[in-house]
Amino acid sequence: MSIYRKTDDAVSALTPEQYRVTQQSGTERPGTGEYLYNKEPGIYVDIVSGEPLFASSDKFDSDCGWPSFTKPIEPAHVAELKDVSHGMVRIEVRSAQGDSHLGHVFDDGPRDRGGLRYCINSASLRFVGRDDMAAQGYGAYLDQVEEVA
């Protein structure tokens, strides 16, 4: 198993928006994320640690303004924490090793796929296309990737 961790080099390579979202628990403006409309097969990994987080086959269009997924690709790579900021009670989603703020999880996802909606900031992700997964060390997850309609 690969070691995924946050490094000073990875943090210093972030754009200001990526830093604001991942390190300061920010949120990108709805409808602006790089991966909102991405339908390519592959996986989404933490921009800081490289942890595999979500598969393209679990992505769906929720019309919420952010990329949405029904489940994490590897549950151990995602931490869920109670968030009471902004006068709301929500469940924050963070990468387990990188401790990057990813977004929030809600219980209004597709019922036939578990009922969850992981609402994730594109700024916290890096997309690895199916054809590049093995070369980048993510070959173990190829069986979880399929074409997206």
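An account of the accompanying structure is given in this report. (Residues numbered from 1 in each chain as written. Predicted model: local features only at pLDDT ≥ 70, side-chain atom pairs only at ≥ 80, totals over all residues. Heavy atoms only, no water.)

The secondary structure content of the chain amounts to 3 helices and 9 strands. From first element to last, N terminus to C terminus, the chain shows the α and β order α-α-β-β-β-β-β-β-β-β-β-α. Taking the principal axes of the C-alpha coordinates as reference, the chain spans close to 45 × 40 × 25 Å. Within the span of the chain, comprising 149 residues, buried residues form 50% of the whole. A separation of at least 24 residues holds for 56% of the contacts in the chain among residues at least 6 apart in sequence. Accessible surface for the chain amounts to roughly 7,800 Å². Of this, 48% is attributable to carbon and sulfur atoms. Once the 15 positive and 24 negative side-chain charges of the chain are each reduced to a mean point, those two points are 4 Å apart. (Helix = DSSP H or I, 4+ residues; strand = E, 2+ residues; numbered from the N terminus. Buried < 20%, exposed > 50% of the residue type's maximum accessible area, 1.4 Å probe, protein only. Contact = heavy atoms within 4.5 Å. Areas by Shrake-Rupley, 256 points an atom, 1.4 Å probe, with all protein chains shown as cover. Lys, Arg positive; Asp, Glu negative; His and termini not counted. Charge placed at Lys NZ, Arg CZ, Asp CG, Glu CD.)

Now for the nonpolar core. Of all hydrophobic cores here, the largest spans 13 residues; its most connected members are Tyr44, Phe54, Val93, Tyr118 and Ile120. Of all the secondary-structure elements, those providing two or more residues to this core are strand S2 (52–55), strand S7 (101–106), strand S8 (117–120) and strand S9 (125–129). Once residues lying within four places of it in the same chain are set aside, the contact partners of Ile120 are Glu28, Phe54, Trp66, Pro67, Phe69, Val93, Leu102, Gly103 and Leu125. Among the nonpolar cores identified, the runner-up in size contains 10 residues, and Ile43, Val45, Ile73 and Tyr138 belong to it. (Core = buried A, V, L, I, M, F, W, Y, C linked by side-chain atoms within 4.5 Å.)

This paragraph deals with the packing of aromatic side chains. Scanning all chains against the criterion turns up 6 aromatic pairs. Consider the rings of Tyr44 and Phe127, whose centres lie 4.9 Å apart with planes at 55 degrees: the pair is tilted. Placement of Tyr44 in strand S1 (residues 42–46) and of Phe127 in strand S9 is noted, with a sequence separation of 83 residues between them. Accessibility expressed as a relative area gives 19% for Phe127, which makes it buried. Between Phe54 and Tyr118 the ring centres are 5.7 Å apart and the planes differ by 50 degrees, which places this aromatic pair in the tilted class. In this pair, Phe54 sits in strand S2 while Tyr118 sits in strand S8, placing the two residues 64 residues apart along the sequence. Neither residue differs from the other here; Phe54 and Tyr118 are each classed as buried. Taken together, Tyr35, Tyr44, Phe54, Phe69, Tyr118 and Phe127 form an aromatic cluster joined through their ring pairs. (Phe/Tyr/Trp six-rings, centres within 6.5 Å; stacked < 30°, edge-to-face > 60°.)

Bringing helix H2 (residues 16–24) into the picture now. Restricting attention to buried positions, one finds in H2 the residues Gln18, Val21 and Thr22. Taken around the axis of H2, the buried residues stretch over an arc of 85 degrees, which confines them to a single face. Opposite its buried face, H2 presents the exposed residues Pro16 and Gln24, each directed more than 90 degrees away. For H2, the elements touching its buried residues are strand S6 (90–95) and S7. Following H2 by one or two positions, Ser25 has its phi on the positive side, about 55 degrees. (Arc of directions from axis to C-beta.)

Further remarks concern the sheet that holds strand S4 (residues 68–69). Backbone-to-backbone hydrogen bonds pair the strands of a sheet. The strands run either parallel or antiparallel. Reading across from one edge, S3-S4-S8-S7-S6-S5 is the order of the 6 strands in this open sheet, with antiparallel pairing throughout. Single-partner strands in this sheet number two, and they are strand S3 (59–60) and strand S5 (78–83). In the sheet, S5 pairs with S6 via 6 bridges, with the strands oriented antiparallel. Following the sheet pairing, Lys82 is matched in S6 by Ile91. (Pairing = 2+ DSSP bridges.)

Inspection of the secondary structure assignment puts Ser95 in strand S6. As for Ser95 and Gly50, which are separated by 45 residues in sequence, their C-alpha atoms are 9.5 Å apart. For Ser95, the contacting residues outside a window of four places in its chain are Asp46, Glu51, Leu53, His77, Ser100 and Leu102.

Where charged atoms of side chains with opposite charge meet at close range, the side chains can pair. Counted under the stated rule, the structure contains 6 salt bridges. We note a salt bridge from Asp83 to Arg90, for which the minimum N-O separation is 3.3 Å. Its salt-bridge partner being Asp99, residue Arg94 comes within 2.8 Å of it at the nearest N-O pair. Ionic contacts of the salt-bridge type, sharing partners, join the residues Glu92, Arg94 and Asp99 into one network. (Salt bridge = Lys/Arg side-chain N within 4 Å of Asp/Glu carboxyl O.)

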